[in-house]
Amino acid sequence: SAVVTPGEEVEAQLQMMLEAFQGHDQHTIDRLIADESARLRETAADGLELVTLTKDFRIKDLDVTVRADGQSADAHLRANGTLKLKGSGMDTRVFTRWQTVWKHIGTEWKLVEVRRLD
């Protein structure tokens, strides 16, 4: 049987988050964000109203570090691709970096903090 590390679990959650944004799936996005970070849910909903991420939008560079407590992790990522601005219908190519913090809650990793680095 395969062993899945905590870092790989966080990577999978990040990919699920990206796919939820691409699919405008607010329910999945909310499920991936910790209850203690309700403001992030609002920010995500606001973002979905502003832009659409196309299928070519990808996570290109990801570094996950699980903290010594084993219950939290930092993930630094670079992502790029095309997004559509809803108000103008204009497509734009973006390159972006993010620092995220994840917390192991129950049996899942949940997003608790996000900081855009660019």
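Here the structure is shown first, and the text comes after it.
Residues numbered from 1 in each chain as written. Predicted model: local features only at pLDDT ≥ 70, side-chain atom pairs only at ≥ 80, totals over all residues. Heavy atoms only, no water.

Got a minute to help me understand the overall build of the protein chain in this structure?
When helices and strands are counted, the protein chain shows 3 helices and 5 strands. The secondary structure elements of the protein chain, listed N-terminal to C-terminal, are α-α-α-β-β-β-β-β. Its C-alpha atoms give the protein chain a radius of gyration of 14 Å, near enough to 13 Å, the size a compact globule of 118 residues would have. The principal-axis extent of the C-alpha atoms belonging to the protein chain is close to 45 × 30 × 25 Å. (Helix = DSSP H or I, 4+ residues; strand = E, 2+ residues; numbered from the N terminus. Rg over C-alpha atoms; globule rule 2.2 N^0.38 Å.)

Help me understand the side chain of T28, please; the structure alone is not making it clear to me.
Along the polypeptide, T28 turns up in helix 2 (residues 26-32). Its relative accessible area of 12% is what places T28 among the buried residues. Reaching out from T28, the side chain makes a polar contact with the side chain of D25 at a distance of 2.6 Å. Dropping the residues within four chain positions of it, T28 is found in contact with M16 and A20. (Buried < 20%, exposed > 50% of the residue type's maximum accessible area, 1.4 Å probe, protein only. Polar contact = N/O pair within 3.5 Å; in protein donor to acceptor, adjacent residues only side chain to side chain. Contact = heavy atoms within 4.5 Å.)

Help me understand the nonpolar core in this model?
Across soluble globular proteins, you tend to see nonpolar side chains buried next to one another. Core analysis: the largest hydrophobic core is formed by 23 residues, its most contacted members being V10, I29 and W102. Those elements that place two or more of their residues in this core are helix 1 (6-22), helix 2, helix 3 (38-50), strand 3 (72-85), strand 4 (91-105) and strand 5 (108-116). (Core = buried A, V, L, I, M, F, W, Y, C linked by side-chain atoms within 4.5 Å.)

Could you clarify how one ought to interpret helix 3 in this entry?
Along an α-helix, a turn takes 3.6 residues, which lines up residues three or four apart on a common side. In a regular helix each residue adds 1.5 Å, so 13 residues correspond to 18 Å; helix 3 covers 19 Å between its end C-alpha atoms and thus fits that length. For helix 3, every residue scored as buried is listed here: L40, A44 and L48. Down the axis of helix 3, the sector holding all buried residues measures 80°, keeping them to one side. Opposite its buried face, helix 3 presents the exposed residues R39, E49 and L50, each directed more than 90 degrees away. Among the structural elements, helix 1, helix 2, strand 1 (51-53) and strand 5 are those in contact with the buried residues of helix 3. (Expected span 1.5 Å × (residues − 1). Arc of directions from axis to C-beta.)

How do you make sense of the pattern of salt bridges when you look at a structure like this?
When the charged atoms of two side chains with opposite charge come close together, those side chains can pair. One pass over the structure, following the stated rule, counts 10 salt bridges. Linking R97 and D61 is a salt bridge whose minimum nitrogen-to-oxygen distance equals 3.9 Å. Here the residue R97 occupies a position in strand 4, and D61 occupies one in strand 2 (residues 58-66), the gap between them amounting to 36 residues. Sharing partners across several salt bridges, the network here consists of R31, E108 and K110. (Salt bridge = Lys/Arg side-chain N within 4 Å of Asp/Glu carboxyl O.)

I tried to follow the pairing of strand 5 on my own but got confused; where do I start?
Walk down a regular strand and you will see the side chains alternate between the two sheet faces. Note that strand 4 and strand 5 share 8 bridges and pair antiparallel. Looking at the pairing, V101 lines up with E113 of strand 5. As consecutive antiparallel partners, strand 4 and strand 5 are separated by 2 residues, and within that stretch G106 has a phi angle of approximately 65°, a positive value. (Pairing = 2+ DSSP bridges.)

I keep staring at helix 1 and nothing clicks. Help me out?
The terminal C-alpha atoms of helix 1 lie 25 Å apart, and with 17 residues this matches the ideal 24 Å at 1.5 Å per residue to within 8%. Restricting attention to buried positions, one finds in helix 1 the residues G7, V10, Q13, L14, M17, L18, A20 and Q22. Backbone geometry just downstream of helix 1 places H24 in the positive-phi region, at approximately 50°.

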